[in-house]
Amino acid sequence: MSNSLFTPETFSPQGHSDPIDLLDISLNFPYSSNEWDTIFETFINLLDRKERRIWDRAINRLIQALEIEQSQRSNCDDYQPRAIDTRMRSICEAIAAQTLNKPNIFEIFCSGFRFLAKEPPYNRLFLEWLDQLAASEEREIPTKKAILAAQLFLGAYDSTWQEVGENLLEMLDDADLLIRACAAYQIGIFYGKSVKRHEYWEWYIDKNYERNQQAIVGIPPLDVMMQLIYKKELDRPGVAGAFWGVIPKKGYDAKEWLLDILENSPEPEPYICYFPCNLAFDAHERFSRDAGAVRRLIDMGRVGLALAAATDESCKVAALEPLLIELGNYDDSEMIRIASWHLAYYYHYLHPLGSEEGYVELISELSNIDLFLLFRQEKELESPYAAVIYGKGINQQLSLEIAQEWVDRIFPEAVRGDPTEPLLARNIHWYQRGYIGYHVYEENTDSTQIDNVIIGYRSQFPWNPKQFL
């Protein structure tokens, strides 16, 4: 059965001045094989565009289309699809054709394909394509190094440690950063095979566990490998983040290993598109409630990372308050803004420098609330980005009745507009010009008491709560 909302003529490039319209083609099957042909052809044609935002998204849509057409294969008995290798070949050839004009498109495509490449038959087809690229003597881009890195990243060396371990260890010293990082990643994959039950998803048990034990025969102990990766990272940054992202995190002092690298590395980690969640990313989440770790990050000069960690939690962490105040005193306008906003959002605290710079304002003369206003300071006259309502007194909660009275007063229906979205969480309400959040940050049996109200404002329509006081 065909989807009546779609015809090849409807979504042809003709008649569309904005290619973004084409990228919004619905992928809700069922479609016929011819209709899928047109969808794939449409997205492939958009790879020719010069604008990164268009061809980058076209890659994502091509990968989505592969997944969704596969769902139709599985769920529609009467569907007569094109062969998967035909689909894959057309996409891969289109990507290869674009590499001369867009040298980074190859890595972006491989990165986006990482999850689908784990599934048969895509894993086999993708690695076969990489082998064909590597065998071509005329091709200069992607380079042999880039192809090898992609092979490492997408599982060509995921056999047994005894077979590939020595080669992987040698690649940790390769001159090419991407090969070093991808080799470290594949080494980490082998250590991940040692775990039967997922350390975060307790319900997940690896069905390949027994087979995996054969794959890791002869692998060095994890603590020995961690010391080797530590040394390699200090020599040339870029390998530890790829390794760290896939190894088990229990059984050793992860905190100290991570902090030691961040403190002693000669330079920040380079950005690698295959591994965007690097050591710094992990640290800002891992240390979001750890005042000692944040203190050490400040002392080692990683103040931006310290601020990211200290502001990661959307609630008050008492031990972090003095550190946030300290970070808000740095001679950096963006650090001042972020720290002073976070203190206003969750700590009922007006940072002096944030106030002086105009990022936060406290209205404290009201009878039963304190009202914070947060500003971007992008132009002279601007609406506050947010308003935060607290009860009077530090750590004093606010009754829901009083909170709603003040919300209706300073953010009336005429300003907020009509509700625009269903309730996503019990305490968040979205409207045409912003949202209202009623927050309780600790367990509280009295549901009529809240810690604060945050009004987020998202409109060019001028508004300032002070006009309603």
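Residues numbered from 1 in each chain as written. Predicted model: local features only at pLDDT ≥ 70, side-chain atom pairs only at ≥ 80, totals over all residues. Heavy atoms only, no water.

### Some remarks on helix 20 (residues 400-410)
Phase 1 of the analysis: Looking at helix 20, one finds that the buried residues are Ala403, Trp406, Val407 and Ile410. Projected down its long axis, helix 20 carries its buried residues within an arc of 105 degrees, all on one side. (Buried < 20%, exposed > 50% of the residue type's maximum accessible area, 1.4 Å probe, protein only. Helix = DSSP H or I, 4+ residues; strand = E, 2+ residues; numbered from the N terminus. Arc of directions from axis to C-beta.)

### Describing a negative patch on the surface
Phase 1 of the analysis: A grouping of Asp331, Asp332, Glu356 and Glu357 is seen on the molecular surface, where their side chains present a negatively charged patch.
Phase 2 of the analysis: Relative to the assigned elements, Glu357 resides in the loop between helix 19 (352-356) and strand 1 (360-363). (Patch = residues over 30% accessible without salt bridge, like charges linked within 9 Å, V, L, I, M, F, W, Y side chains within 5 Å. Areas by Shrake-Rupley, 256 points an atom, 1.4 Å probe, with all protein chains shown as cover. Salt bridge = Lys/Arg side-chain N within 4 Å of Asp/Glu carboxyl O. Lys, Arg positive; Asp, Glu negative; His and termini not counted. Charge placed at Lys NZ, Arg CZ, Asp CG, Glu CD.)

### Digging into the pairing of strand 8 (residues 452-457)
Phase 1 of the analysis: For strand 8, the tally of buried residues reaches six of six residues, placing the bulk of the element in the interior.
Phase 2 of the analysis: Residues Asn452, Ile454 and Gly456 point to one face of strand 8 and Val453, Ile455 and Tyr457 to the other, with burial holding for every one of them.
Phase 3 of the analysis: In this structure, strand 3 (residues 386-391) lies alongside strand 8, joined through four bridges in antiparallel fashion. Paired with Ala387 across the bridge in strand 8 is Ile455. (Pairing = 2+ DSSP bridges.)

### Describing the pairing of strand 1
Phase 1 of the analysis: The sheet contact formed by strand 1 and strand 2 (residues 369-374) spans four bridges and is antiparallel. For Val360, the partnering residue across the bridge sits in strand 2 and is Leu374.

### Considerations on the state of the cysteines
Phase 1 of the analysis: This model, assessed by the stated rule, comprises zero disulfides.
Phase 2 of the analysis: A disulfide-free cysteine, Cys110 has its sulfur positioned 8.4 Å from the sulfur of Cys273, the nearest such atom.
Phase 3 of the analysis: Take Cys110: its relative accessible area is 0%, and that puts it in the buried class.
Phase 4 of the analysis: Of the cysteine sulfurs around Cys182, a residue in no disulfide, the closest is that of Cys273, at 8.4 Å. (Disulfide = S-S within 2.5 Å.)

### Focus: the confidence of the model for the protein
Phase 1 of the analysis: When pLDDT is averaged along the protein, the result is 90, and 92% of the positions lie at 70 or above.
Phase 2 of the analysis: Low pLDDT (under 50) marks residues 1-10, which in the prediction has 19 contacts with non-local residues, meaning those over four places away or in another chain.
Phase 3 of the analysis: Contacts for the low-pLDDT stretch residues 12-17, under 50 throughout, to residues beyond four places or in other chains number five contacts. (pLDDT = per-residue confidence, 0-100. Contact = heavy atoms within 4.5 Å.)

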